[in-house]
Amino acid sequence: MDKPTRPDLLRRRSLLIGGLAAAGGTAICTSAALGQQQASHVGHAAPSGAAGQEPMPAMGHGAMMTVGEVDSAVNGFDPTEMLTDWDTGTVSTLPDGRTLRTFEMTAEDREIEIAPGIKFPAWTYNGRVPGPALRAKEGERLRIVFRNYASHPHSIHFHGIHAARMDGVPGAGMVDPGDEFIYEFDAKPFGCHLYHCHAMPLRRHIHKGMYGAFVIDPDPERRPEHVAVARSRLLGTPENAGWQELVMVMNAFDTNFDAENEFYAVNTVAHAFMKRPIRIVKGKPVRIYLINVIEFDAINSFHLHANFFDYYDQGTTLTPTLKTVDLITQCQAQRGILEFTFAEHEPGLYMFHPHQTEFTELGWVGMFDVVEALA
Amino acid sequence: MNEMPRAAIRAAKTNLVWLALPLIVFGIAVAWLVSTDPLSGFRNGAPPVENLTFERTVLDDSGLSLLVRAGGSEPMTVAQVQVDDAYWQFAQDPPGPIARGGAAWLKLPFPWMLGEAHAVKVVTNTGATFAHDIAVAVPTPQATTGQLRLQALVGIIVGIVPVAVGLMFYPVLRGVGREGMAFLLSLTIGLLGFLLVDASGEALELAGEAAAIFQGPVMVVLAALSSFLLLMAIGRRSGAPTGLALSTYIALGIGLHNLGEGLAIGAAFAAGSAGLGTFLVLGFALHNVTEGIGIAAPILKKRPPFSVFVGLTLLAGSPAVIGMWLGSLAASAQWSALALAIGAGAILQVIVEVGAYLMRQSERRSDVFLTPPVLAGLAAGAAFMYATAALVKI
């Protein structure tokens, strides 16, 4: 099981890490442009330490919170940055004129801080949990170069349409430590999907952190009946730039391995968006790519305060599958796209959380900080 | 003249060398272990062993406070605290990692609900969790005058009053004959036997709740044996105790037992796991009445002054008051267990001494235990205690 990593892979790995750092830098610029402020934008969380001396009447919900902050620099990923950090790979053209999009993925063992002060021995894609949010366009050829630097066999099982050989299950695309495999298939169908490791035991491999978003944007040329909607979904178009897009992976961690989760979150860190609300520019519509990957609990949900949204289950349609709702549920691996706007609202903090209150109180809760248009 | 001291000095020096040698060898072994770390091969990346014991729970106007003791292989760090499956902010005093064997207070501004149950879960930095149930949330007794007076009242009712009542049978009992005397003494042994078994069981149970570092069961057995041997040695300085001395030892044994009982009741009371209703308090009082009779038995043929009765009553009964105070305000499981164990040792000493006294009173020596009055007394004492204990066991 504990095979030594091949030296050539190791060298490539360090190059890859350099590349990742560069990509991260780009992501910071992008997110700043979108209004995700890195600066200490602390919500109404009461400062820890002084809390103990508060008298009983002051015990508001502000005290119901994890104590401290997660060091994102040590983790190497930041939940707020991950909201807008898309991995679009590298693009080239195939002889037949089609676009080939190549992604580089690795599996690594890594201890990450999943809540303030709590270290979790995670299995990661590209050193982060959730793994990179892959994004492609419908009809492109996708090539995912996967190298396993971890201590166990891993795979990438994509939720999409592909050959059995590319399914990432035992016998097809399972990668031993130190080995490499290239998954190749067409990007279809368009929608909000996910990938995860499909090594056995499946539940443990997913719960340890091996999952991520896999979004295929619709090709407007193939969707003549909904060109405008398709263009607004397609990354890189001016129409798409008019939206504030966020990718949220609802995950949870069983830190004591008793088959019950101790911490719930979106993008790994419990209470991250309570302590640092997500900046939303009032006039711009919001689109959330929401993916549920929790283990041990059958369903998860998303409830938006003081607002309603349209929902596209699995994102494979260009018309909503649910209109004007403020709560949707997702079973394990279910996902979808939420669209809403705060254009008519007054600025302020708007909460979002699952309506399984247990999950909320164990860390999966956040705030949208709706502000007037940036000057 | 000088030869002897010089030889003695040389012998002393030689002894010193032989004393120092094993210590030096051990020191070298420790230094070698620490400096070369030959055990590093055992380090397999496994997280450290962690253990956390909840020693005290305080519920008051500022929320919830927990005294926790760490018992891990390395200092432990409390990262987060859940109450009823929700994370709450907390302050730790003193802050930082808790050393092995060390304790710290965790204070949460948690709005606990009167009369309801709460479940606390501490999450350490490794993600391990340690759970603690608050069975019934009630305000923890504070060291106020009113509270102390109330607890003293309970202590007096369950400790002093029954002993006094038992001693008040003294004039009636004075008239008993030889067989009646044997019955009373064996009644005392029977009730003490019940207390010994009961106290030992309770001490071991409490010891199980204490942090592993205290090695509860071993501590209980050693403390009981030590107190037994110590009291035996003190009691036998000038022959086997009789009369007033024997009564005093019985009162002391019962007093030490009542101290442990008081601690346990007080701690249970503070933890909200026992509501001290009138029925329960009266049950304890009735349960303890025979103790007074037992104390009176050895002095039936003497005529001690009244002050002696007052002294014996206080010696046997007042530790219940002190136990109540300490138990509800300060004690942790290991201290209650220790007090009960010392009490158990004291009771064993008294059983031995009363048994010896009973044997000396009779020409049949050890066969006295097989005579009808003694058998009846033993059975009556144990049975009465067992039956009345049913009133107070929940």
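Computed from a predicted model, the values in this text were never measured in an experiment. (Residues numbered from 1 in each chain as written. Chains lettered and ligands numbered in written order. Predicted model: local features only at pLDDT ≥ 70, side-chain atom pairs only at ≥ 80, totals over all residues.)

Caption draft 1: Structural view of the overall build of chain B. Across its full length, chain B holds 10 helices and eight strands. With respect to the three principal axes, the spread of C-alpha positions in chain B is 80 × 75 × 35 Å. Residues counted as buried form 43% of the 394 residues belonging to chain B. (Helix = DSSP H or I, 4+ residues; strand = E, 2+ residues; numbered from the N terminus. Buried ≥ 20, exposed ≤ 12 C-beta atoms within 10 Å, placed from the backbone.)

Caption draft 2: Quick peek at the sheet that holds strand 15 (residues 299–304) of chain A. Residues and elements named next belong to chain A. The strand order across the open sheet formed by five strands is 13-21-20-15-18, and the pairing between neighbours is mixed. The sheet terminates laterally at strand 13 (278–281) and strand 18 (327–331), the two strands that pair on one side only. When the angles between neighbouring strand axes are averaged without regard to direction, this sheet yields 25°. Here strand 15 pairs with strand 18 via five bridges, running antiparallel. In the sheet register, I299 faces strand 18, and the bridge partner there is C331. (Pairing = 2+ DSSP bridges. Axes fitted to C-alpha atoms, helices over the stretch in contact; angles between N-to-C directions.)

Caption draft 3: Broad picture of the confidence of the model for chain B. Residue and element names in this part refer to chain B. Across chain B, pLDDT averages 85, with 95% of residues at or above 70. When pLDDT is averaged over each helix and strand of chain B, the minimum, 76, is found for helix 7 (residues 278–296) and the maximum, 95, for strand 7 (residues 118–124). What the predictor reports for the complex is a pTM of 0.78 with an ipTM of 0.76. (pLDDT = per-residue confidence, 0-100.)

Caption draft 4: View of the interface of chain B and chain A. Listed per partner, the contact involves 23 residues of chain B and 28 residues of chain A. Of all the secondary structure elements, the ones that give two or more residues to the side of chain B that touches chain A are strand 3 (78–83) and strand 4 (87–88) of chain B. (Contact = placed C-beta atoms within 7 Å.)

Caption draft 5: Just unusual backbone geometry, in detail. Between A:V129 and A:P130 the backbone carries a cis peptide bond, its omega angle lying at -5°. Note that A:P130 resides in the loop between strand 4 (118–125) and strand 5 (133–137). Here the amide bond leading from B:D93 into B:P94 is cis, since omega sits at -5°, within 30 degrees of zero. If you trace the backbone, B:P94 turns up in the loop between strand 5 (91–93) and strand 6 (103–108). Residues other than glycine seldom take positive phi values, yet A:A259 does so here, at roughly 65°.

Caption draft 6: Local environment of the nonpolar core. Counting residues in each nonpolar core, the largest one holds 118 residues, and the members touching the most others are A:A213, A:M248, A:F263 and A:Y289. A total of seven residues in this core trace back to one element, the largest contributor, which is strand 11 (residues 244–253) of chain A. Excluding its chain neighbours within four sequence positions, the residues that come into contact with A:Y289 are A:C192, A:A213, A:V215, A:V247, A:M248 and A:I337. Residues B:F269, B:I293, B:A346 and B:L378 belong to the second largest nonpolar core, which totals 77 residues. (Core = buried A, V, L, I, M, F, W, Y, C linked by C-beta atoms within 7 Å.)

Caption draft 7: Focus on the sheet that holds strand 5 of chain A. All names here are of chain A. Ordered in space as 1-5-10-9-7, the five strands form an open sheet in which the pairing is mixed. For this open sheet the edge positions go to strand 1 (86–87) and strand 7 (157–158), each flanked by a neighbour on one side alone. Pairing of strand 7 with strand 9 (residues 191–196), which is carried by two bridges, proceeds in the antiparallel orientation. Within the sheet, the bridge partner assigned to F158 lies in strand 9 and is Y195.

Caption draft 8: How the structure looks around the domain arrangement of chain B. Residues and elements named next belong to chain B. Considered domain by domain, chain B is made up of domain 1 (52–134) and domain 2 (145–392). Spacing between the C-alpha centres of domain 1 and domain 2 amounts to 37 Å. Counting residues per element, the side of domain 1 that touches domain 2 draws most heavily on strand 1 (residues 52–60), which supplies four residues. (Domains from an automatic or database assignment.)

Caption draft 9: Representation of the confidence of the model for chain A within the structure. Of the residues in chain A, 83% have a pLDDT of 70 or more, and the chain-wide mean is 86. Confidence over residues 1–59 of chain A falls short of pLDDT 50; this stretch has 84 contacts with residues more than four positions distant or in other chains.

Caption draft 10: Fine view of the environment of A:E295. All names here are of chain A. Within the secondary structure, E295 sits in the loop between strand 14 (286–292) and strand 15. For E295, a count of 19 C-beta atoms within 10 Å gives the class partly exposed. Note: C-alpha distance between E295 and H345 (50 residues apart in sequence) is 36 Å.

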